Amino acid sequence: MKEIKRDAYLNEIIRKKNNGLVKVITGIRRCGKSYLLFTMYFNYLIQNGVDKNHIILFSFDNDEDIDKLDIYYPEEPTRIYDRTKKNYTINAKKFRAYIREITNEHDMFYIFLDEVQLLDNFVGTLNGFIRHVNFDTYVTGSNSRMLSKDVITEFRGRGDPIRIHPLSFKEFFDAVNKEFDEAYNEYSFYGGMPYIVHLLTEQDKSNYLKLLFEEVYKKDIVDRYSIVDANSFDSLVKILASSIGSYTNPSKLERTYKSNSISYSHNTIKKHIEYLMDSFLIDEVTKYDVKGKRYIGTSLKYYFKDIGLRNALLNFRQQEPTHIMENIIYNELRYRGYKVDVGV
């Protein structure tokens, strides 16, 4: 399987090596965060003389890794059930004991943690790692509420966020080895989730994207936030998918539902949109009045982080080249680090 080059992100991580901060790598699920860290950056460290035994790899959604913690404080559970959130987190006390046993105070250690939001009180544990001058810590996660806001409020300047996106068109183009027009047409249809590049048939690609949304994103959000009316939530996502490039807002969406005799309040719609944003599925962009030099908060546009997922939601039927291109251009600007408003 051909490795997709993600040099911009790899170079960013390399620049931040040993900077005394926790490198927090966030982004939509399956966009390549773990591969970037656990394979590309791992190989870079090995090639530059780091002892393999000094690179600690741990995934909090991997049972084999979690089982390693059972021997520590055996009287305590390794998995802690949160009745409020209705999910399990990993016992941080056991994890810290594991780290103490496999490290020392003299040598340099590189600690890679995947899906760290599943660790109980992960912010406290990571703040403790910062105090070890011989620890260089890197973490990944797929939920902005669990990570990005904590970088700002909890780490107090000791967290260094790195945002990973699905493949840019250039990354996709370099990987597929096709003519420009053919590559763009494929990208605008199936998007830039890295695994898409390795699938050969149209059916495999469309099935992968549909399954990815249903089993990974939708199920994850519905379960995580205990959404009762999954059908309304599902229809909301499809409405947002069909209206990329058009102005809307929660109040306008509420009126749309009301006209169809469906009760779905704008407050609930707003909350559900926030869930989609927190999971990195969509971005909300505010309209800016250039002449009046002010934001118009009631006029919003929503863009999908990956255009292929958007198309899969609509069963690949609603193909609007200009709106799709607008979404792709928005993603490209965000990939390049720009902040983006919309307006006239």
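Scroll up for the structure.
The present account deals with the structure reproduced in this document. (Residues numbered from 1 in each chain as written. Predicted model: local features only at pLDDT ≥ 70, side-chain atom pairs only at ≥ 80, totals over all residues. Heavy atoms only, no water.)

This brings us to the overall build of the protein chain. A tally of helices and strands in the protein chain yields 14 helices and 9 strands. In terms of its C-alpha atoms, the protein chain occupies a principal-axis envelope of roughly 65 × 50 × 45 Å. The 344 residues of the protein chain split such that 50% are buried. At a minimum sequence separation of 6, the contacts of the protein chain that also span at least 24 residues come to 70%. Carbon and sulfur atoms make up 49% of the accessible area of the protein chain, which totals about 17600 Å². When the 50 positive and 48 negative side-chain charges of the protein chain are each reduced to one mean point, those points stand 6 Å apart. (Helix = DSSP H or I, 4+ residues; strand = E, 2+ residues; numbered from the N terminus. Buried < 20%, exposed > 50% of the residue type's maximum accessible area, 1.4 Å probe, protein only. Contact = heavy atoms within 4.5 Å. Areas by Shrake-Rupley, 256 points an atom, 1.4 Å probe, with all protein chains shown as cover. Lys, Arg positive; Asp, Glu negative; His and termini not counted. Charge placed at Lys NZ, Arg CZ, Asp CG, Glu CD.)

Next up on the list: unusual backbone geometry. Even without a glycine there, the phi angle at Asn 18 is positive, about 60°. In this fold, Asn 18 is placed in the loop between helix H1 (7–15) and strand S1 (22–26). Exposure remark for Asn 18: the relative accessible area of 38% places this residue in the partly exposed category. Despite not being glycine, Phe 280 shows a phi value in the positive range, around 65°. Structurally, Phe 280 is set in the loop between helix H12 (266–278) and strand S8 (282–289).

Bringing the sheet that holds strand S7 (residues 159–163) into the picture now. Strand pairing in a sheet relies on backbone hydrogen bonds. The paired strands run either parallel or antiparallel. Taken in spatial order, the 5 strands of this open sheet run S2-S5-S6-S1-S7, and their pairing is parallel. Since the sheet does not close on itself, it has two edges, and those belong to strand S2 (55–59) and S7, each with one partner. Here the average twist between neighbouring strands, direction ignored, is 15°. Summarising the sheet, S1 and S7 pair through 5 bridges and their orientation is parallel. Across the sheet, Ile 25 pairs through a bridge with Ile 162, a residue of S7. The sheet strands contacting helix H5 (residues 122–130) are S1, strand S5 (109–114) and strand S6 (135–141), and the helix crosses S6 at an angle near 155°. (Pairing = 2+ DSSP bridges. Axes fitted to C-alpha atoms, helices over the stretch in contact; angles between N-to-C directions.)

Before going further, it helps to examine the nonpolar core. Within the largest apolar cluster, 71 residues are counted, with the highest numbers of intra-cluster contacts made by Phe 112, Met 193, Leu 209, Tyr 217, Leu 240, Leu 281 and Leu 309. In terms of residue count, helix H9 (residues 202–224) provides more of this core than any other element does, 8 residues in total. For Leu 309, the contacting residues outside a window of four places in its chain are Ile 28, Met 193, Leu 209, Leu 212, Phe 213, Tyr 217 and Leu 281. (Core = buried A, V, L, I, M, F, W, Y, C linked by side-chain atoms within 4.5 Å.)

Let us look at the packing of aromatic side chains. One pass over the full model with this rule turns up 30 aromatic pairs. The positively charged end of Lys 93 is found above the aromatic ring belonging to Tyr 73, 4.3 Å away from the centroid. Its end group placed over the ring of Tyr 247, Lys 287 keeps NZ or CZ at 4.8 Å from the ring centre. (Phe/Tyr/Trp six-rings, centres within 6.5 Å; stacked < 30°, edge-to-face > 60°. Lys NZ or Arg CZ within 6 Å of the ring centre and 35° of its normal.)

The next point concerns H9. Within an α-helix, residues lying three or four positions from one another point in the same direction, as the helix has 3.6 residues per turn. Here H9 contains 23 residues, and its C-alpha end-to-end distance of 32 Å stays within 8% of the 33 Å for a straight helix at 1.5 Å per residue. At Lys 218, H9 shows its maximal kink, close to 30°. Three or more residues of H9 are buried, namely Lys 205, Ser 206, Tyr 208, Leu 209, Leu 212, Phe 213, Val 216, Tyr 217, Lys 218, Ile 221 and Val 222. Along its buried surface, H9 packs onto helix H8 (180–190), helix H10 (230–242), H12 and helix H13 (307–313). Directly after H9, the chain includes Ser 226, whose backbone phi takes a positive value near 50°. (Expected span 1.5 Å × (residues − 1). Bend = angle between axes of the 7 residues up to and from the residue.)

In this section: the pattern of salt bridges. All told, the structure shown has 19 salt bridges when counted by the stated rule. Measuring nitrogen to oxygen at the nearest pair gives 3.0 Å for the salt bridge that ties Lys 16 to Asp 160. With Lys 16 in the loop between H1 and S1 and Asp 160 in strand S7, the pair connects residues that are 144 residues apart, well separated along the chain. The exposure class of Asp 160 is buried, given its relative accessible area of 14%. We note a salt bridge from Lys 93 to Glu 76, for which the minimum N-O separation is 3.0 Å. Of this pair, Lys 93 sits in helix H4 (residues 92–102) while Glu 76 sits in the loop between helix H3 (63–67) and strand S3 (79–82); the two residues are 17 residues apart in sequence, bridging distant segments of the chain. Via salt bridges that share partners, Glu 214, Lys 218, Asp 234 and Lys 238 belong to a single interconnected network. (Salt bridge = Lys/Arg side-chain N within 4 Å of Asp/Glu carboxyl O.)

To continue, consider helix H7 (residues 169–176). Considered for burial, the residues of H7 that qualify are Phe 169, Glu 171, Phe 172, Ala 175 and Val 176. End-on view of H7: buried residues confined to an arc of 160°, all on one side of the axis. The elements touched by buried residues of H7 are H1, H8 and helix H14 (321–335). Once H7 ends, the next one or two residues include Asn 177, with phi positive near 55°. (Arc of directions from axis to C-beta.)

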